[in-house]
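Listed below are the residues making up each chain.
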Amino acid sequence: MRRLFGRKVWKLSLDAGMTCPNRDGTLGYGGCSFCAGGGRFVSGAEDGTDAQIERAKAVLGKKAENAGFIAYFQSGSNTYAPAEDLRKLFFPIVQREDILGISIGTRPDCLPDEVLSLLRELAGIKPVWVELGLQTSSDETAARINRGYPCAVFDGAMRALADTYRVVHMIAGLPGETAEVFFETVRHAAAFRPEGVKLHLLHILRGTPLEKEWLCGNIALPDLEEYAGIAAEFVRLLPPETVVHRLTGDGDKRLLCAPAWSADKKRVLNTLAAALADVVQGEKFTGGA
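### Re the overall build of the chain
Then comes step 1: What the chain contains, in helices and strands, is 10 helices and 9 strands.
Then comes step 2: The C-alpha radius of gyration computed for the chain amounts to 19 Å, which stays within 12% of the reference 19 Å derived for 289 residues, consistent with globular compactness.
Then comes step 3: Overall size of the chain, expressed as C-alpha extent along the three principal axes, is 50 × 45 × 35 Å.
Then comes step 4: Counting all 289 residues of the chain, 52% fall into the buried class.
Then comes step 5: Residue pairs in contact within the chain that sit at least 24 positions apart in sequence constitute 81% of those at least 6 positions apart.

### Remarks on the packing of aromatic side chains
Then comes step 1: This model, assessed by the stated rule, comprises 6 aromatic pairs.
Then comes step 2: Where Trp129 meets Tyr165, the ring centres are 4.9 Å apart and the plane angle is 25°; that geometry is what we call stacked. Of this pair, Trp129 sits in strand S4 (residues 128–135) while Tyr165 sits in strand S5 (residues 165–172), and the two are 36 residues apart along the sequence.
Then comes step 3: Taking 5.9 Å as the distance between ring centres and 40° as the angle between the ring planes, the aromatic pair formed by Tyr227 and Trp261 counts as tilted. Taken as a pair, Tyr227 in helix H9 (residues 224–236) and Trp261 in the loop between strand S9 (256–258) and helix H10 (265–280) lie far apart in primary sequence, 34 residues in all.
Then comes step 4: Taken together, the ring pairs connect Phe182, Phe183 and Phe234 into an aromatic cluster.
Then comes step 5: Over the aromatic face of Tyr72 sits the side chain of Lys11, whose NZ or CZ is 3.8 Å from the ring centroid.
Then comes step 6: Over the ring of Tyr149 we find Arg147, and its NZ or CZ is 4.1 Å from the ring centre.

### Points about the sheet that holds S5
Pairing between the strands of a sheet comes from backbone hydrogen bonds, and it takes one of two forms, parallel or antiparallel.
Then comes step 1: On the basis of which strands lie adjacent, the open sheet formed by 7 strands has the order S1-S2-S3-S4-S5-S6-S8 and parallel pairing. Because the sheet does not close on itself, it has two edges, and the strands there are strand S1 (9–14) and strand S8 (243–246). When strand polarity is set aside, the average angle formed by the axes of neighbouring strands in this sheet is 25°.
Then comes step 2: Bridge analysis of strand S6 (residues 196–201) against S8 gives 3 bridges, and the strand direction is parallel. Bridging across to S8, Val197 finds its partner in Val244.
Then comes step 3: The sheet contacts of helix H3 (residues 83–94) involve strand S2 (68–73) and strand S3 (99–106), and relative to S3 the element is tilted by about 150°.
Then comes step 4: Running over the sheet, H9 touches S5, S6 and S8 and is turned about 165° from S6.

### Some details on the environment of Leu12
Then comes step 1: Along the chain, the position of Leu12 falls in strand S1.
Then comes step 2: Residue class for Leu12 comes out buried when judged on its relative accessible area of 2%.
Then comes step 3: Apart from the residues within four sequence positions on either side, Leu12 is in contact with Ile53, Ala56, Lys57, Leu60, Phe69, Ile70, Ala71 and Tyr72.

### Section: the confidence of the model for the chain
Then comes step 1: For the chain, per-residue confidence averages 91 on the pLDDT scale, and residues scoring 70 or more make up 94% of the total.
Then comes step 2: Here helix H1 (residues 2–5) is the element of the chain with the lowest mean pLDDT, 88, and helix H6 (residues 151–160) is the one with the highest, 98.
Then comes step 3: Note that pLDDT drops below 50 for residues 285–289; the model gives that stretch 8 contacts with residues more than four away or on any other chain.

### Here's the deal with the packing of H3 against helix H4 (residues 113–123)
Each packed pair of helices is defined by two parameters, the angle between the axes and the distance between the axes.
Then comes step 1: Look at H3 against H4: their axes get within 10 Å of each other, and the N-to-C directions meet at 15°. Our classification of the angle between H3 and H4 gives roughly parallel. Our pair here, H3 against H4, has a crossing hand that is right-handed. In this structure, H3 uses Ala83, Leu86, Arg87, Phe90, Phe91 and Val94 to contact H4, whose residues at the interface are Glu114, Val115, Leu118, Glu121 and Leu122.
Then comes step 2: Looking at the contact of H3 with H4, its residues break down into 8 nonpolar, no polar and 3 charged.

Analysis parameters
- Residues numbered from 1 in each chain as written.
- Predicted model: local features only at pLDDT ≥ 70, side-chain atom pairs only at ≥ 80, totals over all residues.
- Heavy atoms only, no water.
- Helix = DSSP H or I, 4+ residues; strand = E, 2+ residues; numbered from the N terminus.
- Rg over C-alpha atoms; globule rule 2.2 N^0.38 Å.
- Buried < 20%, exposed > 50% of the residue type's maximum accessible area, 1.4 Å probe, protein only.
- Contact = heavy atoms within 4.5 Å.
- Phe/Tyr/Trp six-rings, centres within 6.5 Å; stacked < 30°, edge-to-face > 60°.
- Lys NZ or Arg CZ within 6 Å of the ring centre and 35° of its normal.
- Pairing = 2+ DSSP bridges.
- Axes fitted to C-alpha atoms, helices over the stretch in contact; angles between N-to-C directions.
- pLDDT = per-residue confidence, 0-100.
- Parallel < 35°, antiparallel > 145°, perpendicular 65-115°, else oblique.
- Left-handed = near helix turned anticlockwise from the far one by under 90°.
- Nonpolar A, V, L, I, M, F, W, Y, C, P; charged D, E, K, R; others polar.

Here it is, written out as structure tokens:
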């Protein structure tokens, strides 16, 4: 960000009030089995994006001084609307002087041609990041977690978004997947040479379909050391120019069932740092399958 913009940049999480075709009945109901409530990370969609931006900047306080901002549409599937509605949403944001770029979280199956054209138009004004929830390249796993689209849809979206900055989300520890199956997902995504990636640990959240599987003993989650080894191999498999945006995420502690160790953020970060040091020294991951 300093190289691109010459100053510190913060991402401001925004809620445009979008839902998901896997929740509203277009594709299905209930969403992906790991998802609690459709991904509502922030609130206030009814207040409008300008009010949310100012509220987020106020939370940062002095940290926001002399900084720029990426407007991050994080909650829901943020291209799941008619293109003209999206134009009214996104264009006033990119025209703000304090907004240096826009990041749009969405699904690969929510990118019709008219929306792709709109995204290219936006990218001609300011940098546009499109964050795609792949999670897994395995269609078998995708069916099990009720993702709602085959991997071929992701492949088409990555090709269609070549003019934007693409960030691919993947989840380690999905039901029935070994570490090697997950690494196949990483290799699949890496073949598109994405500009960015995010690695997520599978969280079991209260009230999700996945919680029922976990309570029945049908899901085995990695321990912290195993996860750190997987994260290290994840990094090693990426193209050198791909930026790692995240190596872990936090589940809502009010809903978190497992793994308990994920709530100890300091310990998680220290363990990841040690595992990554091994990657820098050229030590390949040799953990169990």
